[in-house]
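Here is how the chains run, residue by residue.
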Amino acid sequence: ETGVTQTPRHLVMGMTNKKSLKCEQHLGHNAMYWYKQSAKKPLELMFVYNFKEQTENNSVPSRFSPECPNSSHLFLHLHTLQPEDSALYLCASSPGSEQFFGPGTRLTVL
Amino acid sequence: GESVGLHLPTLSVQEGDNSIINCAYSNSASDYFIWYKQESGKGPQFIIDIRSNMDKRQGQRVTVLLNKTVKHLSLQIAATQPGDSAVYFCAENMDLSFQKLVFGTGTRLLVSP
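Residues numbered from 1 in each chain as written. Chains lettered and ligands numbered in written order. Predicted model: local features only at pLDDT ≥ 70, side-chain atom pairs only at ≥ 80, totals over all residues. Heavy atoms only, no water.

**With respect to the overall build of chain B**
Line of reasoning, step 1. A count of helices and strands for chain B gives zero helices and 11 strands.
Line of reasoning, step 2. Taken across its 113 residues, chain B has 43% of its residues classed as buried.
Line of reasoning, step 3. Of the contacts formed within chain B by residues at least 6 apart in sequence, a portion of 53% connects residues at least 24 apart.
Line of reasoning, step 4. Total accessible area on chain B is roughly 5500 Å²; 48% of this is exposed by carbon and sulfur atoms. (Helix = DSSP H or I, 4+ residues; strand = E, 2+ residues; numbered from the N terminus. Buried < 20%, exposed > 50% of the residue type's maximum accessible area, 1.4 Å probe, protein only. Contact = heavy atoms within 4.5 Å. Areas by Shrake-Rupley, 256 points an atom, 1.4 Å probe, with all protein chains shown as cover.)

Structure, rendered in structure tokens:
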């Protein structure tokens with residue numbers, strides 16, 4: 001285990017639902033990340049937070065809204081998603097170079 | 001645009017063989033590279049990294065080779081075991097802040113007993 005936890009592990013939601021993904025790490029890392037992993041595609045960086053400040057938004061649609069209340073927690077708020085948003089959403093944290101990944105949330109949008 | 005790619009999508013080996021997974025990168029300014037292993041149902045797990053001032057780095061049963069001349073990265077796994085079966089990703093660091101990794105599509109390694 002990497003010390004990065006994600007909940008829920010699986011999520012099924014309709015296009016009109018609002019849900020949130022949670023990521024937690026107590027490794028003392030200052031940087032946290034959200035990635036999207038779709039079948040047969042490279043991991044896509046979505047957001048980067050450094051010391052609770054968002055430093056990267058990789059042209060992500062506004063239906064994905066990140067929140068970083070402190071350096072140990074990261075959320076991804078979801079609303080009015082599309083079926084093509086179905087994927088594995090991975091959280092990672094880093095002390096500076098190497099990134100430690102959580103197990104991911106498998107999201108299915110109906 | 002800049003990209004990280006993999007030569008083979010699937011590599012099948014026998015238990016005990018040595019495995020070599022290759023990766024090409026196109027950003028000559030990248031200075032840090034990582035190999036990750038992802039097993040089914042899990043997130044990527046760090047295997048080994050290498051900085052651009054090195055050509056080779058060894059870990060436990062794994063070796064990473066970096067050829068900056070041809071922008072090529074490889075992961076060698078010695079005495080491959082069934083537990084090594086997974087998808088392997090290379091990633092390159094795109095900026096000096098070490099925050100922006102670009103990942104390849106992955107190579108699936110299948111190890112037969």
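**Quick look at the interface of chain A and chain B**
Line of reasoning, step 1. Of the residues lining the interface, 20 residues belong to chain A; the matching set on chain B comes to 19 residues.
Line of reasoning, step 2. Taken together, both faces of the contact between chain A and chain B bury some 1600 Å²; the carbon and sulfur share is 52%.
Line of reasoning, step 3. Inspection of the region where chain A meets chain B yields zero salt bridges.
Line of reasoning, step 4. Across the chain A-chain B interface, the total number found is three residue pairs in polar contact (both at pLDDT 80 or more).
Line of reasoning, step 5. Secondary-structure elements contributing two or more residues to the side of chain A that touches chain B are strand 4 (31-37), strand 5 (44-50), strand 6 (53-57) and strand 9 (87-94) of chain A.
Line of reasoning, step 6. Taken together, the residues that form the side of chain A that touches chain B break down as 10 nonpolar, seven polar and three charged. (Buried area = accessible area lost by both parts, 1.4 Å probe. Salt bridge = Lys/Arg side-chain N within 4 Å of Asp/Glu carboxyl O. Polar contact = N/O pair within 3.5 Å; in protein donor to acceptor, adjacent residues only side chain to side chain. Nonpolar A, V, L, I, M, F, W, Y, C, P; charged D, E, K, R; others polar.)

**Some points on the nonpolar core**
Line of reasoning, step 1. Of all hydrophobic cores here, the largest spans 22 residues; its most connected members are W34, F64, L76 and L78 of chain A.
Line of reasoning, step 2. For this core, the secondary structure elements donating two or more residues are strand 2 (10-13), strand 3 (18-25), strand 4, strand 5, strand 7 (64-70), strand 8 (73-79), strand 9 and strand 11 (105-109) of chain A.
Line of reasoning, step 3. Apart from the residues within four sequence positions on either side, L78 of chain A is in contact with L11, M13, N17, K18, K19, L21, R63, F64 and L107 of chain A.
Line of reasoning, step 4. In terms of nonpolar packing, the next biggest core, distinct from the first, is built from 20 residues, V13, V62, L66 and C90 of chain B among them. (Core = buried A, V, L, I, M, F, W, Y, C linked by side-chain atoms within 4.5 Å.)

**Some points on the pairing of strand 8 (residues 72-77) of chain B**
Residue and element names in this part refer to chain B.
Line of reasoning, step 1. Direction of pairing for strand 3 (residues 19-25) relative to strand 8: antiparallel, over a ladder of six bridges. In the sheet register, I20 faces strand 8, and the bridge partner there is Q76.
Line of reasoning, step 2. Pairing of strand 7 (residues 62-67) with strand 8 involves six bridges; the strand directions are antiparallel. Bridge pairing in strand 8 places T63 opposite Q76.
Line of reasoning, step 3. Between strand 7 and the antiparallel strand that follows it, strand 8, lie four residues; K71 among them carries a positive phi value of about 55 degrees. (Pairing = 2+ DSSP bridges.)

These figures come from the coordinates and say nothing about function on their own.
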